[in-house]
Amino acid sequence: MTRRVDRETPRPPGRRSPGAWLEALVLAALVLGGCGSSSGQDYGGEHPDYGKALAGSPPPLAALHKQADQLLDGGVDAYEQRIEALAGFPIVTNVWASWCGPCRYEFPTLQKLSARYGKRVAFLGVNSKDADDAAATFLREAPLSYPSYTDPDGKIAASLGTVGGLPDTAFYNSNGELCHLKQGQYAEQSELEADVRRFALQGECESG
């Protein structure tokens, strides 16, 4: 028979409640998740006015913006069909998870860059090895201007050439060719923006 503990019964000094332990474990997972620490900036707070920043986008990009924060099914096939449908535009795909500390660290930068360049560059997300409920909750707290494809088994991420660990960021040229894959966290916002300009806007390609 389960023993009922009166809520007024004092706890022994120095001992945490189960809830406190759970809170501590969740916090540790968020900070240490993924491939490293997420000290410094983090998600949340203010985000760009996407409607204002992206008004007048070309139809294929406007279609992405209308799906902002949606989690799209379909796996590798659906993702690759979207890449083909975006022919003529360079693409930046960020692979992330809500439990990944470094992913959360990069989100403010992705918010800013997708607003700044989203009328010329297609941004996409891949939510890898994550729970849909957790991802949706995170996106309500840190909204994006583009959708993410669900990737519970990591197959989309693997198709990009990732070898484990998050985040990863893939860059395609306007012909739909994967030109560069950055594995791991960007240390500085300026480094991520430099790669958007180099591999997306300028079309430099390392493959081949």
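Just above, that's the structure.
Definitions and cut-offs
- Residues numbered from 1 in each chain as written.
- Predicted model: local features only at pLDDT ≥ 70, side-chain atom pairs only at ≥ 80, totals over all residues.
- Heavy atoms only, no water.
- Buried < 20%, exposed > 50% of the residue type's maximum accessible area, 1.4 Å probe, protein only.
- Helix = DSSP H or I, 4+ residues; strand = E, 2+ residues; numbered from the N terminus.
- Arc of directions from axis to C-beta.
- Disulfide = S-S within 2.5 Å.
- Core = buried A, V, L, I, M, F, W, Y, C linked by side-chain atoms within 4.5 Å.
- Contact = heavy atoms within 4.5 Å.

Participant: When you look at helix 4 (residues 75-85) in this model, what are you seeing that I'm missing?
Facilitator: In an α-helix, one full turn covers 3.6 residues, which means residues spaced three or four apart are oriented alike. Those residues of helix 4 lying buried are Ala78, Tyr79, Arg82 and Ile83. What you see down the axis of helix 4 is that its buried residues fit within an arc of 140 degrees, all on one side. In helix 4, the exposed positions that point more than 90 degrees away from the buried face belong to Asp77, Gln81, Glu84 and Ala85.

Participant: Explanation requested: the state of the cysteines in the structure shown.
Facilitator: Any covalent bond linking the sulfur atoms of two cysteines counts as a disulfide. Using the criterion set out here, one finds two disulfides in the structure. Each sulfur in the disulfide pair Cys100 and Cys103 lies 2.4 Å from the other. In this structure, the disulfide formed by Cys100 and Cys103 twists by about 80 degrees around the S-S bond and is classed as right-handed. The exposure class assigned to Cys100 is buried, which follows from its relative accessible area of 0%. What connects to what in the chain, once the bonded cysteines are numbered by sequence position, is 1-2, 3-4.

Participant: Could you clarify how one ought to interpret the nonpolar core in this entry?
Facilitator: Grouped burial of nonpolar side chains is what soluble globular proteins tend to show. Membership of the largest hydrophobic core comes to 43 residues, with the highest contact counts inside it found for Tyr79, Phe107, Leu124 and Val196. If we ignore the near neighbours within four places in the chain, the residues touching Leu124 are Leu64, Tyr79, Arg82, Ile83, Leu86, Ile91, Val92, Thr93, Asn94, Tyr146, Pro147 and Tyr149.

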